[in-house]
Amino acid sequence: QVQLVESGGGLVQAGGSLRLSCAASGRISSIDAMAWYRQAPGKQREWVASITSGGTISYLDSVEGRFTSSRDNAKNTVYVQMNSLKHEDTGVYFCTQYIEDHDHWGQGNQGTVSS
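Bear in mind the structure is a predicted one, so any value in this text is a computation, not a measurement.

A. Geometry of the pattern of salt bridges. Under the counting rule described, the total for this entry stands at three salt bridges. A salt bridge links Asp89 to Arg38, with the nearest nitrogen and oxygen atoms 2.9 Å apart. Of this pair, Asp89 sits in the loop between strand E8 (77-82) and strand E9 (91-99) while Arg38 sits in strand E4 (residues 31-39), and the two are 51 residues apart along the sequence. Across the pair, exposure class does not vary: Asp89 and Arg38 are buried alike. By sharing partners, the salt bridges in this structure join Arg38, Glu46, Arg66 and Asp89 into a single network.

Written as structure tokens, this is what we have:
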């Protein structure tokens with residue numbers, strides 16, 4: 001079984017920073033893409049950022065320049081550093097890792113930005 005466990009998140013004032021981590025464990029031989037999604041209250045889940053196995057990183061336009069995602073393949077972990085946070089960044093953040101031809105999702109982690 002593969003499990004993804006997220007950590008980080010919390011409450012921060014606008015302009016502040018949060019860092020999320022997502023570690024995979026279990027039977028893992030290789031991990032392809034890693035990504036972050038978020039879901040704001042009353043809205044659909046949206047893609048935020050992704051990193052390919054080759055290290056190519058893509059961001060949602062509204063977070064470009066403020067969020068930085070990275071991965072540590074030795075630790076099966078993906079990170080997202082979120083700076084200059086805005087109230088509209090509030091939501092539950094989910095990580096996903098494509099492992100052994102399946103998408104695996106983290107449990108979600110609340111990030112709240114007070115205005």
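B. Main features of the sheet that holds strand E1 (residues 3-8). Pairing is antiparallel across the open sheet formed by four strands, whose spatial order is E1-E3-E8-E7. Since the sheet does not close on itself, it has two edges, and those belong to E1 and strand E7 (67-72), each with one partner. Taken pair by pair, the neighbouring strands of this sheet meet at an average axis angle of 15°, ignoring direction. For strand E3 (residues 18-25) and E8, the ladder comprises six bridges, and the chain directions are antiparallel. Bridge pairing links Ser21 to Tyr79 in E8.

Rules used in this analysis
- Residues numbered from 1 in each chain as written.
- Predicted model: local features only at pLDDT ≥ 70, side-chain atom pairs only at ≥ 80, totals over all residues.
- Heavy atoms only, no water.
- Salt bridge = Lys/Arg side-chain N within 4 Å of Asp/Glu carboxyl O.
- Helix = DSSP H or I, 4+ residues; strand = E, 2+ residues; numbered from the N terminus.
- Buried < 20%, exposed > 50% of the residue type's maximum accessible area, 1.4 Å probe, protein only.
- Pairing = 2+ DSSP bridges.
- Axes fitted to C-alpha atoms, helices over the stretch in contact; angles between N-to-C directions.

By themselves, these are just geometric observations and shouldn't be taken as functional.
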